[in-house]
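The lines below spell out each chain.
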Amino acid sequence: MRSRTLLLPALLALAPLASTMSEARAQDVAPRSSIIDTIIIVRDNVFSEEEAARSGIFRVMNKLHIVTKEFVIRDYLQFEV
């Protein structure tokens, strides 16, 4: 029980330090401005043709799987296209 009572104050004392460290780390890895020229969306089965040739279950899974439509993928992009 004593270790629990010591752990909480120690964590509370270190919380501001962790916040400062995460802010500094975020500034270090801040993304540079980039321009995305082209986005290529490749829709495919779950298993490749080679995998499907090796196992019947993979062929069945590919048949049952519905390939996601391109407009659905574009809707999930985090930027304007």
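The rules behind these values
Residues numbered from 1 in each chain as written. Predicted model: local features only at pLDDT ≥ 70, side-chain atom pairs only at ≥ 80, totals over all residues. Heavy atoms only, no water. Phe/Tyr/Trp six-rings, centres within 6.5 Å; stacked < 30°, edge-to-face > 60°. Helix = DSSP H or I, 4+ residues; strand = E, 2+ residues; numbered from the N terminus. pLDDT = per-residue confidence, 0-100. Buried < 20%, exposed > 50% of the residue type's maximum accessible area, 1.4 Å probe, protein only. Contact = heavy atoms within 4.5 Å. Salt bridge = Lys/Arg side-chain N within 4 Å of Asp/Glu carboxyl O.

**Some words on the packing of aromatic side chains**
Stage number 1. Tallied over the full model, the rule gives 1 aromatic pair.
Stage number 2. Between Phe47 and Phe58 the ring centres are 4.2 Å apart and the planes differ by 20°, which places this aromatic pair in the stacked class. Note that Phe47 is positioned in the loop between helix H1 (2-28) and helix H2 (49-54) and Phe58 in helix H3 (residues 56-64), a separation of 11 residues in sequence.

**Some remarks on the confidence of the model for the chain**
Stage number 1. For the chain, the mean per-residue pLDDT works out to 76, and 59% of the residues sit at or above 70.
Stage number 2. The secondary structure element of the chain with the lowest average pLDDT is H1, at 58, and the one with the highest is H3, at 92.

**Details of the environment of Val46**
Stage number 1. Inspection of the secondary structure puts Val46 in the loop between H1 and H2.
Stage number 2. Of the residues examined, Val46 reaches a relative accessible area of 48% and is grouped as partly exposed.
Stage number 3. Considered as a pair, Val46 and Leu64 are 18 residues apart in the sequence and their alpha carbons are 10.0 Å apart.
Stage number 4. Setting aside chain neighbours within four positions, we find Val46 in contact with Asn62 and His65.

**Things to note about the pattern of salt bridges**
Stage number 1. Enumeration according to the criterion identifies 1 salt bridge in this entry.
Stage number 2. Of the charged contacts in the structure, one is a salt bridge between Glu70 and Arg74, with a shortest N-O distance of 3.0 Å. Placement of the pair is Glu70 and Arg74 together in helix H4 (residues 70-76), with a separation of 4 residues, close to one helical turn.
Stage number 3. Looking at Glu70, the relative accessible area reads 35%, which means it is partly exposed.
Stage number 4. Using a relative accessible area of 29% as the deciding quantity, one classes Arg74 as partly exposed.

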